[in-house]
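# Topology and contacts: notes
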Amino acid sequence: MNRLSKVFRPFNNEQKSIFNLSKLSKEETEVNGYKLLNNYGLIRPSANGLFYLLPMGYRVIQKLSKLIDHNMSLIGAQKMQSPLLIKESLWKNDETLIDERDDLYVITDRTKNHFVLSPTHEESFADLLSHEQLSYRNFPLLLYQITPKFRDEFRPKLGLLRSKEFIMKDLYSFDIDEENARKTYDKVTAAYQKIFTALNVPYFINSCEKDSKSIISHEYYYSCDRGDDKLYTCGVCHSICGASLLKDRTLCPNCSYTLKPEWYNNGVEVAHTFYFGTRYSDRLKSMYVDKDGKKKPLHMCSYGIGISRIFSAVVELLSTPKELRWSPCIAPYTVCVIPPKDGSRDEIRVEMIMPELYSLLESIPNLKDDVIIDDRPDKTIGGRLRDAKACGFSFIIVAGKDATKNTPLFELYDLYNDKKYLMPRSTLLHYLVDRTKYLSEEKEKIGYLS
């Protein structure tokens, strides 16, 4: 049984904070989503640009990762893990020399060997394949990981939206030629669109121009006032383009209409995909043997999703000034049950029916291990109800005085419909089966493993 009394979730009191907010920049204390995550004990700052993910916050990250994992398995991607430290020589051999990357953490070991705490792993995965004897029959090959990444941000800000350490899913695909690489690219980007559709937050895809690094590239954005990225939404064709794509141009790249200043807005980049051709394979000798026994370079793509950035951006976009709100599929818990306060007249009678109620709730499809009881003994029902709403649990069940009647009645708060009901247990269970059915249907549609 999941009990909130056992969860490490320190609170901040806005009048008398228990945590040293001097670790936050002035800008961070003004970001609503970040303040809520910090105040309600989902994250804590460690140093400028570095954060602890506390149990309730980490649970959201796990749900996001699970959503990604299953969609990756549907397209045949295999999960693995590469070293976080990459030998510096892999970067030194790039056309972009390591000296030009002032955002890299470079580490020297006791024998004077140099390593990079890498923000991305194209070189590492290409190097892995360069040491293997691979046939054309081994492809396509899709390998990915979900790990911390590092970037020495000159000015980390906005909490997890721009931090020095972040959690990212990075996938690398390898194919024998451009035709097959493009097919793989389309398959992975279709999976990305399923993931973002499941999160139910409006997103935009920006198609980037071919440059010296990539042949195809797409950026995925949330429109967000706090974002660092500059976007234009054309008022005529409604296409989205990054300001960096426009450079000195003033015309929409899709319909050639003159862009107006009021069409400009801020955004947060949450994913990026690239097709590199043989750029990395040529340099690192990542080869395969074709049907004629000849060695040829592999065609490589990379695909990143910023998991911790999505976590933070969703909160920033959906929350109210005082309460956290989530995409339903990543709420820390879908159902929170609030029993009477310890020592109250109603406690003993309600305590007798709680185990069965909990078991019945967990038996509902999609609610397995997604129900928590707020059994904190020092909090009133009203205080715990305010807290449950503030944490964004989708459904809140209060077992108060009405639950002691011969036919127990339960208060149900449907947070996303902004409705309150008083109903017997059978009606309550049927309601939750019906309301959570959208989760089942959505998960089935997008390939989410419950």
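For the structure, check the block above.
Residues numbered from 1 in each chain as written. Predicted model: local features only at pLDDT ≥ 70, side-chain atom pairs only at ≥ 80, totals over all residues. Heavy atoms only, no water.

## Things to note about the pattern of salt bridges
Here is the rule: Just to be clear on terms, a salt bridge is a Lys or Arg side-chain nitrogen sitting within 4 Å of an Asp or Glu carboxyl oxygen. Counting from the N terminus, the helices are the DSSP runs of H or I reaching at least four residues and the strands are the DSSP runs of E reaching at least two. Here's how the labels work: a residue is buried when its accessible area is under 20% of the maximum for its type, exposed when over 50%, partly exposed in between, all with a 1.4 Å probe on protein chains only.
On inspection of all chains with the given rule, the structure shows 23 salt bridges. With its nearest N and O atoms 3.6 Å apart, the salt bridge here joins R151 to D103. Of this pair, R151 sits in the loop between strand 7 (141-150) and strand 8 (165-175) while D103 sits in the loop between helix 4 (88-92) and strand 5 (105-108); the two residues are 48 residues apart in sequence, bridging distant segments of the chain. By relative accessible area, D103 is classed as buried at 15%. A salt bridge links D374 to R376, with the shortest nitrogen-to-oxygen separation between them at 2.8 Å. A residue is classified by how much of its surface remains accessible, and R376, at 14% relative accessible area, is buried.

## Section: the pairing of strand 20 (residues 409-414)
How we decide: One requirement defines pairing of two strands: DSSP has to find at least two bridges between them.
Of all six residues in strand 20, five are buried, a share of seventy percent or more. Bridge count for strand 20 against strand 21 (residues 419-424) is six bridges, and the pairing is antiparallel. Paired with E411 across the two strands is L422, which belongs to strand 21. Counting the residues in the hairpin turn of strand 20 and strand 21 gives four residues, including D418, whose phi is positive at 55°.

## Here's the deal with the nonpolar core
We count it as follows: In this description, a nonpolar core means a group of buried Ala, Val, Leu, Ile, Met, Phe, Trp, Tyr and Cys residues linked to one another through side-chain atoms lying within 4.5 Å.
In this structure, M72, L199, Y222, I310, F311 and W326 are the most contacted members of the largest nonpolar core, which totals 71 residues. Counting residues per element, this core draws most heavily on helix 6 (residues 178-199), which supplies nine residues. Counting 22 residues, the second largest nonpolar core, distinct from the first, contains V335, V350, I397 and L412.

## Here we look at helix 3 (residues 55-74)
The criterion, for reference: Expected span, for any helix, means 1.5 Å times one less than how many residues it has.
Given a rise of 1.5 Å per residue, 20 residues ought to cover 28 Å, and the 29 Å separating the end C-alpha atoms of helix 3 matches this to within 8%. Count one or two residues on from helix 3 and you reach G76, which has phi positive near 85°.

## Describing the sheet that holds strand 18 (residues 371-373)
The condition that has to hold: A fitted line through C-alpha atoms represents every axis, and for helices the fit uses only the stretch in contact; the resulting angles, taken between N-to-C directions, go from 0 to 180 degrees.
Across the sheet, which stays open at both edges, the five strands sit in the order 18-17-19-20-21 with mixed pairing between neighbours. Only two strands of the sheet have a single neighbouring strand rather than two, namely strand 18 and strand 21. If you compare each strand with its neighbour and ignore which way they point, the axes differ by 20° on average.

## Quick notes on the packing of aromatic side chains
To keep it simple, the criterion reads: The pairing test for Phe, Tyr and Trp rings, Trp by its six-membered ring, is centres within 6.5 Å, and the orientation test on the planes gives stacked under 30 degrees, edge-to-face over 60, and tilted for anything in between.
A full pass over the atoms with the stated rule returns 16 aromatic pairs. Ring plane angle 70° and centroid distance 5.7 Å describe the contact between Y34 and F51, whose orientation is recorded as edge-to-face. Of the two residues, Y34 sits in helix 2 (residues 32-39) while F51 sits in strand 2 (residues 50-53), which places them 17 residues apart along the sequence. Among the residues examined, Y34 registers a relative accessible area of 1% and is labelled buried. You can call F51 buried: its relative accessible area is 19%.

## Side note on empty space enclosed by the protein
For clarity, the threshold we go by: Here the term cavity refers to a set of points on a 1 Å grid, laid over the protein atoms alone, in which a 1.4 Å probe fits but cannot get out; the term pocket refers to an open set having protein on both sides within 12 Å along at least five of seven lines, with lining residues being those that place an atom within 4 Å of a point. Grid points are joined across faces, edges and corners, and a volume is the space filled by probe spheres set on the points. Note on residue classes: Ala, Val, Leu, Ile, Met, Phe, Trp, Tyr, Cys and Pro are nonpolar, Asp, Glu, Lys and Arg are charged, and everything else, Gly too, is polar.
Scanning the model with the defined rule gives one cavity of 30 Å³ or more in all. If you add up the space inside the largest cavity, you get close to 60 Å³. Taken together, L158, L161, R162, R226, G227, D228, D229, G267, V268, E269 and R309 make up the full set of residues lining the largest cavity. Its residues placed into classes, the lining of the largest cavity shows three nonpolar, two polar and six charged.

## A short note on the side chain of D229
Stated formally: The convention is simple: Lys and Arg are positive, Asp and Glu are negative, and His and the chain ends are not counted. Pairs of N or O atoms are called polar contacts if they sit within 3.5 Å, as long as, within protein, a hydrogen donor faces a hydrogen acceptor (for residues adjacent in sequence, only side-chain-to-side-chain pairs).
The topology assignment puts D229 in strand 11 (residues 229-233). The buried charged residue D229 lacks any salt bridge partner; its closest oppositely charged side chain belongs to R309, at an N-O distance of 4.8 Å. One polar contact links the side chain of D229 to the main-chain amide nitrogen of E269, over a distance of 3.1 Å.

## A closer look at the state of the cysteines
Filter applied, for reference: The disulfide criterion used throughout: a pair of cysteine sulfur atoms within 2.5 Å.
In total, this model carries zero disulfides according to the counting rule given. Left without a disulfide partner, C237 is nearest to the cysteine sulfur of C252, which lies 3.7 Å away. Taking the relative accessible area as the measure of exposure, C237 reaches 27% and is therefore partly exposed.

## Considering the sheet that holds strand 6 (residues 114-117)
Strand order across the open sheet formed by three strands is 4-6-5, with antiparallel pairing between neighbours. Looking at which strands have only one partner, the edges of the open sheet turn out to be strand 4 (85-87) and strand 5. Strand-to-strand twist in this sheet, taken as the mean axis angle between neighbours without regard to direction, amounts to 40°. Note that strand 4 and strand 6 share three bridges and pair antiparallel. Bridging across to strand 6, I86 finds its partner in V116.

## Focus: the side chain of D290
Our working rule: Contacts are assigned to residue pairs that have any heavy atoms within 4.5 Å of one another.
Relative to the elements of secondary structure, D290 occurs in the loop between strand 14 (287-289) and strand 15 (295-297). A distance of 2.9 Å separates the side chain of D290 from the backbone nitrogen of D292, its partner in a polar contact. With residues up to four places along the chain from it excluded, the contact list for D290 reads Y136 and K296.

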